[in-house]
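Coordinate inspection notes
Now for the letters of each chain:
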Amino acid sequence: MNDKYEFLEHMADIKLKLNGNTLQDVFENVIFALAEYMSEGKKIESLKGKVIDVSGKDTSSLLYNFVDEILYLVDAEHFIPSKGSVLLRGNNLHAELYGDDTNKYTLKHIKAPTYAEMNIRKIKDKWTAQMVLDV
């Protein structure tokens, strides 16, 4: 466990809790969590960049669509981000992602994000989100 994210117990899939001082931090921390899970903790170099824009009807769908777009990059464009910078404007997101070619790594597969057990909330002065990823 670290202060950015943690993997929680789940019977069949990956349950992920994300933390941040801002909502933007939560979205940036999901990049780290996905990279750690897929690479099984091995360091992924930040040798390439990609810029993406994602939107949603609310914050939950925005997080879902952001994770879905990252998984698309892994599967279709063979790019795995290891870190990124996220700018949120309402239910729109602009992200600069940094990572590497997937063919340099042995990666665990994540099929898709889900809405199962998803929640995003502000508690006092911190943000937290939880979601389940289908493996």
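In case you missed it, the structure is sitting above this.
Note that the coordinates shown come from a computational prediction; the quantities given were computed from them, not determined experimentally.

What counts and how
Residues numbered from 1 in each chain as written. Predicted model: local features only at pLDDT ≥ 70, side-chain atom pairs only at ≥ 80, totals over all residues. Heavy atoms only, no water. Core = buried A, V, L, I, M, F, W, Y, C linked by side-chain atoms within 4.5 Å. Buried < 20%, exposed > 50% of the residue type's maximum accessible area, 1.4 Å probe, protein only. Helix = DSSP H or I, 4+ residues; strand = E, 2+ residues; numbered from the N terminus. Contact = heavy atoms within 4.5 Å. Expected span 1.5 Å × (residues − 1). Phe/Tyr/Trp six-rings, centres within 6.5 Å; stacked < 30°, edge-to-face > 60°.

The subject of this paragraph is the nonpolar core. Core analysis: the biggest nonpolar cluster contains 39 residues, and Leu-18, Leu-63, Phe-66 and Leu-97 have the highest contact counts within it. Element by element, the count of residues in this core is highest for helix α1 (residues 23-39), at ten residues. Excluding residues within four positions of it along the chain, Leu-63 makes contact with Leu-18, Phe-27, Val-30, Met-118, Ile-120, Ala-129 and Met-131.

Among the secondary structure elements, Leu-47 is positioned in the loop between α1 and β3 (48-55). Remark: the alpha-carbon pair of Leu-47 and Thr-106, spanning 59 residues in sequence, is separated by 17 Å. When residues no more than four places from it in sequence are discounted, the contact partners of Leu-47 are Gly-99, Asp-100 and Lys-104.

This paragraph deals with α1. Its 17 residues give α1 an end-to-end C-alpha distance of 25 Å, which sits within 8% of 24 Å, the value for a rise of 1.5 Å per residue. In terms of burial, α1 is largely enclosed, as 13 of its 17 residues are buried. Remark: Glu-40 follows α1 within two positions and exhibits a positive phi of approximately 55 degrees.

Our next topic: the packing of aromatic side chains. Applying the stated criterion across every chain, the model contains four aromatic pairs. Consider the rings of Tyr-5 and Phe-7, whose centres lie 5.8 Å apart with planes at 75 degrees: the pair is edge-to-face. Judged by relative accessible area, which is 6%, Tyr-5 ranks as buried. Residue Phe-7 is classed as partly exposed on the basis of its relative accessible area, which comes to 34%. Measuring from centroid to centroid gives 6.0 Å for Phe-27 and Phe-66, while their planes differ by 45 degrees, and the two rings are tilted. Residue Phe-27 is found in helix α1, and its partner Phe-66 is found in helix α2 (residues 59-76); the two are separated by 39 residues along the sequence.

Its place among the elements puts Lys-15 in strand β2 (residues 14-20). Beyond its immediate sequence surroundings of up to four residues, Lys-15 is in contact with Glu-6, Phe-7, Leu-8, Glu-9, His-10, Glu-117, Gln-130, Met-131 and Val-132.

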